[in-house]
Amino acid sequence: MTPIQQLMLGVGGAKKTYVEDVFSTYLYTGNDSSYRNINNGIDLAGEGGMVWVRPRNNTIGINVFDTARGATKRLHTDADYAESTDTSRLDQFNSNGFRVNGNYSTNGPSSYDYTSWSFRKSSMFDVVTYTGTGTNTNSDGHLDVNHQLGSVPGMVIVKRYSGSSNWWVYHRG
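Residues numbered from 1 in each chain as written. Predicted model: local features only at pLDDT ≥ 70, side-chain atom pairs only at ≥ 80, totals over all residues. Heavy atoms only, no water.

1. A look at the packing of aromatic side chains
Enumeration according to the criterion identifies six aromatic pairs in this entry. Their ring planes at 15° and their centres at 5.2 Å tell us that Y28 and Y114 sit as a pair that is stacked. Here Y114 lies in strand β9 (residues 113-120) and Y28 lies in strand β1 (residues 23-29), a separation of 86 residues in the sequence. You'll find Y28 and Y114 in the same group, each marked buried. Note on F119 and F125: the rings are 5.1 Å apart at their centroids and 25° apart in plane angle, and the pair reads as stacked. By relative accessible area, which is 21% here, F119 ends up partly exposed. By way of ring pairs, the aromatic residues F23, F119 and F125 are connected into one cluster. Over the aromatic face of Y161 sits the side chain of R69, whose NZ or CZ is 5.8 Å from the ring centroid. (Phe/Tyr/Trp six-rings, centres within 6.5 Å; stacked < 30°, edge-to-face > 60°. Helix = DSSP H or I, 4+ residues; strand = E, 2+ residues; numbered from the N terminus. Buried < 20%, exposed > 50% of the residue type's maximum accessible area, 1.4 Å probe, protein only. Lys NZ or Arg CZ within 6 Å of the ring centre and 35° of its normal.)

2. Side note on the sheet that holds β1
With antiparallel pairing, the six strands of this open sheet are ordered in space as β1-β9-β3-β4-β5-β6. Of all the strands in the sheet, the pair left with one neighbour each is β1 and β6 (84-85). One ladder, built from three bridges, connects strand β4 (residues 63-66) with strand β5 (residues 70-76); its direction is antiparallel. Bridge pairing links N63 to H76 in β5. (Pairing = 2+ DSSP bridges.)

Set out below in structure tokens:
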């Protein structure tokens, strides 16, 4: 079989990854119910990643959940609070999205609209935790943090989750 015939049959060709395989913006209206699945096609249970949920028409907190810390661990992007554990917001990562409960910040009454951004771990996105040292640790004055991107990150967001602290953002541009 020629290489072209193999590609036409899907034999020997590398599986391509598309944006819709690793990222989703998903809008939904609250229904104030427990254990509601948000099916957006992103495999967070098997691959890992992060979900960012924001109420669109009220001032309730903005929440981030990731597979590195666990589904019930949340951070507020609009405050410097430490991580909190809460099963009433998001409690499970699924092979096709995630599951929320009846808390107002993730699934309130039908008058509440939400947007969620799901990022699956891939060569473009990673979630890692690390223990800081309080000082720079290498000769160029930076702390090296291991990741699975396979390239130099274009943007890094850092948040201390064990205590109150600011969010820090680095962008190479």
